[in-house]
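Chain by chain, the residues run as shown.
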Amino acid sequence: MDCSSEEEEFADASEYIEDEQQTFTSGAHAVKSYQKEDVSMLQDIPAPNAISVQLIGTSSVTLAWDNPDNITTFELTYYSLTSTKTTTITHSSTIEVEDLCPGTEYTFSLVSVSDNGERSVEVKATACTRPLPPENIKVEIVGTTSVSLIWDASGSEENNFHVACIQNGRMIQEKMTNSRTMAFCDLSPGKKYCFYITKVLPNGNRSKEAVTYAQTKTNIQSLLQELGLEKYYPNKLSLSDVLQIEKRSVTDEPAQSLSSLPWLFLKKLMMVNVTARSVKYSSDESEDLSSLDFNNESLDFLNDQYTSVNPLDIVSTLFLCSDGFLQQEMVSKMSMCQFSVPLLLPNSDTHQCMLMLWAMRDIVKKCRPHYLSDPRGFVEERIVHFELPLVSFVRLGDCSISKSQILNKLLSNPQQYHDTFVHRDMDCGDIPRKISNGLVEMSWYLPCGNKNIDVFPEPVAVANLRGDISTFETQYTFLCQTSTAVFVFFDNLDTNYKLLTNQHAKAQFFLVGNRQSKAFDLEQLKRTASEMSLKKNNIIFKTNQNDANFVKNLHSSVNLIINNHSNKARLEGMDTLAHELGILVDEDIQECQNAKNNAHGLTKNIQDTLQFKETQLPLQGKIWKDLAKLEKEECRLRKAGDQNIEAYKSDLQIKKTELRKQQSKYDISEAMSCFVSALSSSNQERAYFLKWMRMNLDNISRKNLSSLRELYKEKCQQFSENKEEIARLDQQISNSSLGVEHFLREMGQLYEAAVSLPENVQSHQQMRHLPRLCAQLMLDGFPLELVDGDASNIPLRWVSDVLHYLNILVLPNNKIIVVTVLGVQSTGKSTLLNTMFGVQFAVSSGRCTRGAFMQLIKVTEDIKKNLGCDYLVIIDTEGLKSPELAKLDDSHEHDNELATLVVGLSDITIINIAMENSTEMKDILQIVVHAFLRMKEIGKKPKCQFVHQNVADVSAHDKNMQDRKLLLEQLNEMTEAAAKMENKEEYKMFTDVMEYDPETCNWYIPGLWHGNPPMAPVNAGYSESVYDLKKNMIDVIGEC
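Computed from a prediction, not measured in an experiment: that's the story for all the values here. (Residues numbered from 1 in each chain as written. Predicted model: local features only at pLDDT ≥ 70, side-chain atom pairs only at ≥ 80, totals over all residues. Heavy atoms only, no water.)

Peer 1: Run through the packing of helix α16 (residues 622–636) against helix α17 (residues 645–664), naming residues and quoting values.
Peer 2: Where α16 contacts α17, the axes come no closer than 10 Å and their chain directions differ by 160°. With respect to α17, the element α16 is oriented roughly antiparallel. For the pair α16 and α17, the sense of crossing is left-handed. Two secondary-structure elements touch here, α16 through Ile-623, Trp-624, Asp-626, Leu-627, Leu-630, Glu-631, Glu-633 and Glu-634 and α17 through Tyr-648, Leu-652, Gln-653, Lys-655, Lys-656, Leu-659, Arg-660, Gln-662 and Gln-663. For the contact of α16 with α17, the residue count by class is seven nonpolar, three polar and seven charged. (Axes fitted to C-alpha atoms, helices over the stretch in contact; angles between N-to-C directions. Helix = DSSP H or I, 4+ residues; strand = E, 2+ residues; numbered from the N terminus. Parallel < 35°, antiparallel > 145°, perpendicular 65-115°, else oblique. Left-handed = near helix turned anticlockwise from the far one by under 90°. Contact = heavy atoms within 4.5 Å. Nonpolar A, V, L, I, M, F, W, Y, C, P; charged D, E, K, R; others polar.)

Structure (structure tokens):
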């Protein structure tokens, strides 16, 4: 029988298992040889000597004998219960008898035949043919530690089967069965096994062996299959996959399977919902326990009713499946929720772990250490640059104390407990971990400056190793080398205590034991403490005291470490040690390193941002602002006076051309040349480059702003204040911001200058690819500046051509719905959009949004028909009534223009109000009403949603009914007044120009933070309310 080696192979047992040899000889197994019969009459013809069975097959038997002298002919008769046959043999002492039935006993009778036909006495032997081996062996189920087999077997006789499991020539397990299935358990994950199956007859006769192979799944493979993430492993799940609008992202269907859990976690995490880790599914939620017969039915379902996965396994699996940008976004959102984040991510398949340095680079933290409390200063820094004492918590052997639960209590203010680390008493926290043992998580405690609230006076980093240090020595060594102190939790310091004494580390060690544990051995502890030269203060016991007292002792020890040890760790410097220990680093990939070098080369020499913008980004300076004024005047003609309009327009055009000529005199700067070159690299390298640029520029802006603010503070505190100097500093602070948007703005001006002058053909050719480049950025999810916030103008040709190329890239799926947000500055508009859609708009460090930015979000096929569009375009705008612009004469006009623009572009406008009392929004509403009225004039009637932020009362909707009524009355009055101003007096009501229902178009959202920042997590009520708004928005979009 011919079969591939991967499926089934038949071979003689002697080739595989020494103990299973089958050699059939005379007097062995099922064979009997009989001596010559005692015959009373003497015969002259000698009989054959010593007949024996040489070989037995499934349909043949080979016989051999010794030939008597002078005899060359023999006659063989063989018979079973159902048949008899005879054959003659000449000049041979062996014969292979063929065409026998498998698994059947035969008797063979052999006589010598003389030349004259006389016969000798017969010699007999019996043999049983071997049964057919099992066929069609299939590996039915493969798990991490189990394999199930199924096969076919011919014949109706009662069969037994011997099944052996072998790995690398070593017998692992062997079993007998009378069925045609077999399951092997307790195997090792990720190992290849051979399975040999032999049919065994009641008489002990055996078939040849059938062999098949199977490899058990690794823990990761098994979990990936359970969670439905196989196609995303490794690192194939992108941020755009998660942010796209799909049915499951806007529906509340409960999780029906394990494969729903990762997406439910991501959906909640992207909306910074603190309940994200509490994900599980019910196998049958509708089952009515009252209808069950408890006497007759198995109660196993009670154990299996809720089946899920440990939250740490979900988190670890998603990090293993995500690319660097989604990992970074996940870590940022987890940090906002005050969840611990991965520092060392294990891979149980490769037995290696990875330092998540890139993933943590986007976290920026603020805090106020107690030494800065008096002047009310604060520290703001990217977390990878923070130099902090690192306190690590590990476990040796089994431990009856929940280390993670104690850590949560240690980091929480007594009045506000928070689950920073997953522990056994959380939802699904008690489910055995499959792949997350060896995970090192990190969190931070950051003081707010209030001594009555702060747990620790200074910022401190905390690391938590999951699993036993004797199993994860690499991670333990890493922590010993980087930590200020290591707290080792234990019940019994048995032979593994050598791990503690072998470490040559700078870290101070603390042993934390539970004296209530039966395994606790005081003598062993004394020996270990002596060997480690530990003092009494370095040993902490949990006795009969409650957790509060135990945590208080731990708190005292950590406080002592913070105050008395100068050994501090910096995440960015840990990669050197990681490489020495064979730990991978996530940002070591080539594209990331190339992008890092390109971005560093561009930003390393930037000292003064104002000077850099003047020399390297000259086209967006005074010339562009003058151009913006000319373009506005070209439309308004306010300064024409008595001049001829056509002549005035011609003058303006000449001035514009002159300014464009001035722009075109500038060659592309070195910085812009490098920037455009880097953008022309591969998609992944380009994305890394833009991220490195954003982080580097934010760091520079933060540093400059910090020093300018200090100077501004000093000048304001001086009694003999110099108003001119303060005004100059104010302007510097306003203009000192530098971000990626400034480089993209310069790209736009280079393009506009090149294409606005017909004679400038060469320049045009050099710049013509820039809109296509920017269109690709938009498609990749990068925000595009629609309105220049500094010049308050739109580079029309640039934006038009970018959108033209974007349209070409997405054809034929090019239908869009536009959602915009309007509101007063610093009312959380960008945060609202980022929470609702998971987007990240370009907000420079220390500055509010300036201008308007738009971002593209893909709509998936499963919801595209309902929404009637292929993409959502989200527009974020700068705040109206900005204090920076209030002192300018045309600030009201600027707000009017911006409101009119975004309302004109949008299908749905969100009016963001950061207070319960909407009367303070009167000016803004007046602006909005004018904008809506103008849209009505061009035949557009957009939809409107009012969002009232910082309203936490559950009765807010009912209590504010009067406010909503007042709001509508004000809107009606403003509509009537605006209609008179616009000479459109037929419009009397706000609903004449706008689709608005006071009951369904008003949303009340509680405050963002739950508690006192910087340790406050995002308020779950905020996330849930924004999610409800998002679902409603999707319904409204479907009606557009």
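From this point, the narrative continues.
Peer 1: Describe the sheet that holds strand β32 (residues 784–787), naming the residues involved and giving the relevant values.
Peer 2: The mixed open sheet is built from seven strands, whose spatial order is β32-β34-β35-β33-β36-β37-β38. Looking at strand neighbours, the two that pair on one side only are β32 and β38 (1002–1005), the edges of this open sheet. Going from strand to strand, the sheet's axes swing by 25° on average, the running direction of each strand aside. The pairing of strand β33 (residues 816–823) with strand β35 (residues 871–877) spans five bridges and is parallel. What sits directly across from Thr-820, in β35, is Ile-875. (Pairing = 2+ DSSP bridges.)

Peer 1: Outline the confidence of the model for the protein, listing residues and values.
Peer 2: Residue-level pLDDT values for the protein average 84, and 88% of them are 70 or greater. Note that pLDDT drops below 50 for residues 1–42; the model gives that stretch 76 contacts with residues more than four away or on any other chain. Here residues 285–289 is a poorly scored stretch, pLDDT under 50, and it has five contacts once near neighbours within four places are set aside; other chains count. (pLDDT = per-residue confidence, 0-100.)

Peer 1: Could you give an account of the side chain of Gln-524, naming the residues involved and the relevant values?
Peer 2: Along the chain, the position of Gln-524 falls in helix α11 (residues 522–531). Under the relative-accessibility criterion, Gln-524 is labelled buried at 10%. A distance of 3.0 Å separates the side chain of Gln-524 from the side chain of Arg-527, its partner in a polar contact. Apart from the residues within four sequence positions on either side, Gln-524 is in contact with Leu-493 and Tyr-497. (Buried < 20%, exposed > 50% of the residue type's maximum accessible area, 1.4 Å probe, protein only. Polar contact = N/O pair within 3.5 Å; in protein donor to acceptor, adjacent residues only side chain to side chain.)

Peer 1: Which residues make up the nonpolar core, and what values go with them?
Peer 2: Ranked by internal contacts, the top residues of the largest apolar core, which has 151 residues, are Trp-444 and Phe-487. Ignoring anything within four residues of it in the chain, the contact list for Phe-487 reads Val-391, Ser-392, Phe-393, Val-394, Phe-510, Val-512, Ile-540, Leu-554, Ser-557, Val-558 and Ile-561. Counting 87 residues, the second-largest nonpolar core is a separate cluster that includes Met-747, Met-767, Ile-913 and Val-928. (Core = buried A, V, L, I, M, F, W, Y, C linked by side-chain atoms within 4.5 Å.)

Peer 1: Which residues make up the sheet that holds strand β19 (residues 341–347), and what values go with them?
Peer 2: An order of β29-β28-β27-β24-β26-β25-β19-β20-β31 is seen for the nine strands of this open sheet, with the pairing classed as mixed. Edge positions in the open sheet fall to β29 (539–542) and β31 (584–585), since each of these has one partner strand only. Here three bridges tie β19 to strand β25 (residues 440–445), and the two strands are oriented antiparallel to one another. Directly across from Leu-344, in β25, lies its bridge partner Val-440.

Peer 1: Describe the packing of aromatic side chains, and please don't skip the residues or the numbers.
Peer 2: Within this structure, the stated rule accounts for 23 aromatic pairs. With a centroid separation of 5.7 Å and 70° between ring planes, the pair formed by Tyr-232 and Trp-263 is classed as edge-to-face. Within this pair, whereas Tyr-232 is found in the loop between α1 (219–227) and α2 (239–243), its partner Trp-263 is found in helix α3 (residues 261–270), the two being separated by 31 residues in sequence. Each member of the pair Tyr-232 and Trp-263 is classed as buried. Every member of this aromatic cluster is reached through a ring pair, and the members are Phe-325, Trp-358, Tyr-688 and Trp-692. Of note, Lys-192 hangs over the ring of Tyr-213, and the distance from its end group to the ring centre comes to 5.3 Å. Stacked on the ring of Phe-339, the Lys or Arg Arg-277 has its end atom at 3.8 Å from the ring centre. (Phe/Tyr/Trp six-rings, centres within 6.5 Å; stacked < 30°, edge-to-face > 60°. Lys NZ or Arg CZ within 6 Å of the ring centre and 35° of its normal.)

Peer 1: Account for the side chain of Gln-244, with residues named and values stated.
Peer 2: Relative to the assigned elements, Gln-244 resides in the loop between α2 and α3. By relative accessible area, which is 17% here, Gln-244 ends up buried. A polar side-chain atom of Gln-244 sits 3.4 Å from the main-chain carbonyl oxygen of Asp-241. Once you skip the residues sitting within four places of it in the chain, Gln-244 turns out to touch Ser-249, Ile-857, Lys-858 and Thr-860.

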